[in-house]
Amino acid sequence: MPKKIRVLIKELEKAGFINRGGKGSHRNFLHPSGIVLTLSGKLGDDAKPYQEKLVKQKIEESQK
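Residues numbered from 1 in each chain as written. Predicted model: local features only at pLDDT ≥ 70, side-chain atom pairs only at ≥ 80, totals over all residues. Heavy atoms only, no water.

K.L.:
Got a sec to walk through the pairing of strand β2 (residues 26-30)? Specific residues and values, please.
P.N.:
Alternating residues of β2 divide into R27 and F29, all buried, and H26, N28 and L30, none buried. Taken together, strand β1 (residues 18-19) and the strand that follows it, β2, pair antiparallel across an intervening segment of six residues, in which G21 is found at a positive phi of about 85°. Two strands pair when backbone bridges link them, and β2 and strand β3 (residues 36-40) are joined in this way by five bridges, in the antiparallel orientation. In the sheet register, L30 faces β3, and the bridge partner there is V36. A loop of five residues connects β2 with β3, the two strands running antiparallel in sequence, and G34 in this loop sits at a positive phi of about 105°. (Buried < 20%, exposed > 50% of the residue type's maximum accessible area, 1.4 Å probe, protein only. Helix = DSSP H or I, 4+ residues; strand = E, 2+ residues; numbered from the N terminus. Pairing = 2+ DSSP bridges.)

Pasting the structure below:
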């Protein structure tokens, strides 16, 4: 079962990403190390597999 967008956002914020807002259903996240990520979708929507993979990849990248 896919994760919800709100869960991905919580994971990003826990890893130190800051929500810089966005337009419509898009949210721009910035990590202090300079890593940027844009996540689209409403909070209750199921995340697409590529979104889950991208969030995981960016969190790992930020921990290096």
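K.L.:
I'd like a description of the nonpolar core, backed by residues and values.
P.N.:
Judged by nonpolar contacts, I5, L8, I9, L12, F17, F29, I35, L37, L39, A47, V55 and I59 together constitute the single largest core of twelve residues. Among the elements of the structure, α1 (5-14), β3 and α2 (49-62) are those that each provide at least two residues to this core. With four residues, the single largest contributor to this core is α1. Not counting chain neighbours up to four residues away, the residues in contact with L8 comprise K3, L39, A47, Q51, E52 and V55. (Core = buried A, V, L, I, M, F, W, Y, C linked by side-chain atoms within 4.5 Å. Contact = heavy atoms within 4.5 Å.)

K.L.:
Outline the pattern of salt bridges, listing residues and values.
P.N.:
As enumerated under the stated definition, the model contains two salt bridges in all. Between K4 and D46 there is a salt bridge, with the nearest N and O atoms lying 2.8 Å from each other. One end of the pair, K4, is in the segment before α1; the other, D46, is in the loop between β3 and α2, and 42 residues separate them in sequence. A residue is classified by how much of its surface remains accessible, and K4, at 28% relative accessible area, is partly exposed. (Salt bridge = Lys/Arg side-chain N within 4 Å of Asp/Glu carboxyl O.)

K.L.:
Please give an account of the environment of R20 that cites residues and values.
P.N.:
Here R20 is to be found in the loop between β1 and β2. Residue R20 is classed as exposed on the basis of its relative accessible area of 60%. A sequence separation of ten residues divides R20 from L30, and the C-alpha atoms of the two residues are 7.0 Å apart. Setting aside chain neighbours within four positions, we find R20 in contact with N28 and L30.

Function-wise, these values are silent; they only describe arrangement.
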